[in-house]
Amino acid sequence: MPRPIQATIHSQALRHNLQAARNRVPDARAWAVVKANAYGHGIERAFDGLRGADGFALLDLDEAQRLRALGWRGPILLLEGVFELRDLEICSRLDLWHAVHKEAQIDMLAAHKTNVPQRVFLKMNSGMNRLGFRPDHFRAAWTRLNALPQVDEISLMTHFSDADGAVGVAAQVAAFEAACADLPGERCISNSAATLRHPHCANDWVRIGIALYGSAPDHPEHPASHWGLQPTMSLRAQVIAVQDLLPGDTVGYGSSFVAHKPMRIGVVACGYADGYPRTCPTGTPVLVDGARSHTVGRVSMDMLAVDLTGLPHASLGSEVTLWGAASSGEVLCIDEVAAHAQTLGYELMCALAQRVPVVAD
Ligand SMILES: *Cc1c(COP(=O)(O)O)cnc(C)c1O
């Protein structure tokens, strides 16, 4: 028997979440963002649930190639554009659209030998200061691109730094709109947080990532259930040992947890080498056979401990859901676990370890 741990990817939930996001912005076309191997879900496994998107957005040529191999003939957008001249040949071959965020990428386009002009998304740095042309250089970049025979339609994009919080998007929207006021082309500015929280900002295209995967971009202000999102990845393992503790007994490395009363704990076949964060402290929620409990002591490489004291029916072989849905349907949102680890659902799903077997249901 393989080690009893498994991740399950829920296609129906991916389909549901895509529709939930679309319902916020019914007039926009939706990019399903599938970078980082579909946020750790696996492009091939996520594809069926997301094929109702208008296009797929990602970073790696290899992932674009895999989408084409799955039979996807619609738009694919490279969110960071190309990294070297040779990449443009692959864009031509696979018919990829690509972001243009710096002069060096315009230079590459000018040097690219092709008879088929390419669709590009010109990116503005409207305040995030990561990628893009500053508003006062945007028009010049557009003019330069527009003069190239290698370039077909030019769309306009930017990215928000604060769509998930109190600062919001108004200043960046204003900067973007002022700088491209009379430029033609489709607009694409909203990520998941903007799509959910600021749906009036959506224009021709939205770029939906984390919401597809059932995580709220603005947890804990809003839980995923507030946005009608369902978990798309469930990480489940089993209890492989049970220990009865007396007062004064300790659990795990560093003896950081001390029992102050008689307790029963379950040792679970999941550790940080599976992608469960070592930073989760005692008290991080889990579901044991669908019932809420919590971790006890430090997470080790291959195991962690959970409290079974109030769960008399729990025993060897009990199912422990680390995040997502239990087999019986109860949900432990990945955002709640991430908050205990002082990180985001994004990081947990992307960090699911290679050694964990994954199935799709
Ligand atoms: C990752 C990414 C997105 C998706 O962001 P979410 O917060 O996951 O919705 C959108 N746009 C760009 C440019 C990205 O890199």
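Novice: Teacher, can you tell me more about the site of the ligand here?
Specialist: As a matter of local geometry, the ligand sits amid Val33, Lys35, Tyr39, Leu79, Lys123, His159, Asn191, Ser192, Arg207, Gly209, Ile210 and Tyr346. Here an oxygen atom of the ligand and a backbone polar atom of isoleucine 210 are 2.8 Å apart. Here the ligand has 390 Å² of accessible area as a free molecule, and 92% of this is covered by the chains. When atom positions are compared with the pocket grids, the ligand is found to occupy the largest pocket. Of the residues in the shell around the ligand, the class split is five nonpolar, four polar and three charged.

Novice: What exactly am I supposed to notice about the nonpolar core here?
Specialist: General note: in soluble globular proteins, nonpolar side chains tend to be found buried as a group. Leu122, Leu145 and Leu322 are the most contacted members of the largest nonpolar core, which totals 113 residues. Taken domain by domain, this core gets at least three of its residues from each of domain 1 (11-215) and domain 2 (233-360). Apart from residues lying up to four places away in sequence, leucine 145 is in contact with Val100, Ile106, Leu109, Val120, Leu122, Val151 and Ile154. Formed by eight residues, the second largest nonpolar core is a distinct cluster that contains Val251, Phe257, Val296 and Ala305.

Novice: How do you make sense of empty space enclosed by the protein when you look at a structure like this?
Specialist: To find leftover empty space, a probe the size of one water molecule is rolled over the atoms. Tallying each qualifying case throughout the model produces one cavity of 30 Å³ or more. There is about 40 Å³ of room inside the largest cavity. Class assignment for the residues of the lining of the largest cavity results in three nonpolar, five polar and two charged.

Novice: So what exactly am I meant to see when it comes to helix α8 (residues 170-179) here?
Specialist: Quick reminder: α-helices carry 3.6 residues per turn. Residues three or four places apart thus point the same way. What α8 keeps buried is the set Gln172, Val173, Phe176 and Ala179. Buried positions in α8, seen along its axis, are confined to an arc of 145° and lie on one side of it. Exposed residues lying more than 90 degrees from the buried face of α8 are Ala170, Ala171 and Ala178. On the buried face of α8, the contacting elements are β6 (118-124), α7 (135-146), β7 (151-158) and β8 (187-190).

Parameters at a glance
Residues numbered from 1 in each chain as written. Predicted model: local features only at pLDDT ≥ 70, side-chain atom pairs only at ≥ 80, totals over all residues. Heavy atoms only, no water. Near = heavy atom within 4 Å. Polar contact = N/O pair within 3.5 Å; in protein donor to acceptor, adjacent residues only side chain to side chain. Areas by Shrake-Rupley, 256 points an atom, 1.4 Å probe, with all protein chains shown as cover. 1 Å grid on protein atoms, 1.4 Å probe; cavity = no way out; pocket = protein on both sides within 12 Å on 5 of 7 lines; lining within 4 Å. Sits in = over half its atoms within 2 Å of the grid points. Nonpolar A, V, L, I, M, F, W, Y, C, P; charged D, E, K, R; others polar. Core = buried A, V, L, I, M, F, W, Y, C linked by side-chain atoms within 4.5 Å. Buried < 20%, exposed > 50% of the residue type's maximum accessible area, 1.4 Å probe, protein only. Domains from an automatic or database assignment. Contact = heavy atoms within 4.5 Å. Points joined across faces, edges and corners; volume = space filled by probe spheres on them. Helix = DSSP H or I, 4+ residues; strand = E, 2+ residues; numbered from the N terminus. Arc of directions from axis to C-beta.

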